[in-house]
Amino acid sequence: MQLLTLELEDDYLLIGIHSTEEDYRLAYLLNTHLKTKLIRFKHCLDFKNSNAEFPLFEYKDEQKLINYYLINNKYSQLVNNQKSKGLFDGDYSTTSYLIPEKKKIDFFLKIEGCNQLSFTKNLVDKLNNIQQIITSYSIESNSLKSKNHLTF
């Protein structure tokens, strides 16, 4: 008997964004420059075995049938360390990443419904023209080990 395998191809574009802006401020900048209407999603992305929560902004373009998602890649948590006394006592912070293999990326822009190369290039060019964005570039989602974190 022959074994059949089914490989589902990801139907989204992924763009990595480097910026020091807060997530709500970056969403505003994208709305202004890209003519989108990103709004904060009522729930954050979270995972069963983690306390990390990743803010999510979304915009669904009903006319073009394209969905945009702005996702923070970093979650910092202040840990109150009351048990330890001595040289290393006190509070400290921990950082969790949505996509750990891309720790240097601050945000991801996930676009569902459009896989055209010209659309991606045009969008990256527009993003790189925003003064508060250090750089942005397209990411091949199949190369990510943690790509299932982007499924929601």
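In this report, we go over the structure that sits alongside the text.

Cut-off values and rules
- Residues numbered from 1 in each chain as written.
- Predicted model: local features only at pLDDT ≥ 70, side-chain atom pairs only at ≥ 80, totals over all residues.
- Heavy atoms only, no water.
- Helix = DSSP H or I, 4+ residues; strand = E, 2+ residues; numbered from the N terminus.
- Buried < 20%, exposed > 50% of the residue type's maximum accessible area, 1.4 Å probe, protein only.
- Contact = heavy atoms within 4.5 Å.
- Areas by Shrake-Rupley, 256 points an atom, 1.4 Å probe, with all protein chains shown as cover.
- Pairing = 2+ DSSP bridges.

## Considerations on the overall build of the protein
Within the protein one finds two helices and 10 strands. Ordered by position from the N terminus, the helices and strands of the protein form the series β-α-β-β-β-β-β-β-β-β-α-β. Put simply, the protein has 152 residues, and 39% of those count as buried. Sequence separation of 24 or more characterises 64% of the internal contacts of the protein that already satisfy a separation of 6 or more. Of the roughly 10,500 Å² that the protein leaves accessible, carbon and sulfur atoms contribute 49%.

## Some words on the pairing of strand β9 (residues 107-112)
Of all six residues that make up β9, six are buried, and the element is covered over most of its length. Because side chains alternate across β9, one face comprises the buried residues Phe-107, Leu-109 and Ile-111, and the other comprises Phe-108, Lys-110 and Glu-112, equally buried. Here six bridges tie strand β6 (residues 66-72) to β9, and the two strands are oriented antiparallel to one another. Bridge pairing in β9 links Leu-70 to Leu-109.

## Regarding the environment of Tyr-69
Summarising the element assignment, Tyr-69 is placed in strand β6. The exposure class assigned to Tyr-69 is buried, which follows from its relative accessible area of 7%. It is 6.4 Å that separates the C-alpha atoms of Tyr-69 and Ile-111, two residues lying 42 residues apart in sequence.

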